[in-house]
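Commentary on secondary and tertiary structure
Letter by letter, the chains look like this.
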Amino acid sequence: MTSYSTVDTPVGPFTAVVRDDEVIASGWTADVNSLISLIHPSLRPSEVHSRPDLGLVTKAVREYHAGDVRAIEDVPVNQRSGEFIQHAWKVLRTVPAGEPVTYAQFAELAGRPSAVRAAASACARNPVALFVPCHRVLRTDGTIGGFRWGLPAKRWLLDHETTKP
């Protein structure tokens, strides 16, 4: 069964869609349908059920936004795309909080230093925001660039991850 839940966060409502305890879509929206459209057709559910709590996923979202930026690291995700993009998404999960990289550095980490545009495409196509932290990738000149959930959200996330207690 595929379920979703929306949690209030300092950035705005955050919705996660979970199938078999794996996040298949997530982002700062209360509109679950906008997330469903991001899911690869092979994983896209025909129906989703609202739940008030998704266990580990909801706990991780709350803890992350409350200050434990590592809370999201072990949450299982399931994404599908081409070989390079799937690999790039796995690499994104290794970029530490508070240590953003540029698209050029991300391409190099993903093993294809000349594939800067492909690396940027992997970020743009990421359906599992937060858990696959595409917000940790900056333009090559160090500016924050685009983000599906808005530049204020990306700025908040980057600031949140670099604020020391």
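See above for the structure.
1. Some details on the overall build of the protein
Of regular secondary structure, the protein possesses 6 helices and 6 strands. Starting at the N terminus and ending at the C terminus, the protein contains elements arranged as β-β-β-α-β-α-α-β-α-α-β-α. Against the 2.2 N^0.38 benchmark of 15 Å for 165 residues, the protein shows a C-alpha radius of gyration of 15 Å, consistent with a compact globule. Overall, the C-alpha framework of the protein stretches about 40 × 40 × 25 Å when taken along its three principal axes. A burial count over the protein gives 47% of its 165 residues as buried. In the protein, of all internal contacts separated by at least 6 residues, the share reaching a separation of at least 24 is 54%. Counting only carbon and sulfur atoms, one obtains 50% of the accessible surface of the protein, whose full area is about 8,200 Å².

2. Details of the pairing of strand 1 (residues 2-9)
The two faces of the sheet receive side chains in turn, since in a regular strand these alternate between them. Among the 8 residues that make up strand 1, 6 are buried, leaving the element largely enclosed by the rest of the structure. Judged from the 8 bridges that link them, strand 1 and strand 2 (residues 12-19) form a sheet pairing that is antiparallel. Bridge pairing in strand 2 places S5 opposite A16. Hairpin connection, strand 1 to strand 2: the antiparallel pair is bridged by 2 residues. Pairing analysis gives 2 bridges linking strand 1 to strand 4 (residues 49-50), with the strands arranged parallel. Note that in strand 4 the partner of S3 across the bridge is H49.

So, how was this worked out
Residues numbered from 1 in each chain as written. Predicted model: local features only at pLDDT ≥ 70, side-chain atom pairs only at ≥ 80, totals over all residues. Heavy atoms only, no water. Helix = DSSP H or I, 4+ residues; strand = E, 2+ residues; numbered from the N terminus. Rg over C-alpha atoms; globule rule 2.2 N^0.38 Å. Buried < 20%, exposed > 50% of the residue type's maximum accessible area, 1.4 Å probe, protein only. Contact = heavy atoms within 4.5 Å. Areas by Shrake-Rupley, 256 points an atom, 1.4 Å probe, with all protein chains shown as cover. Pairing = 2+ DSSP bridges.

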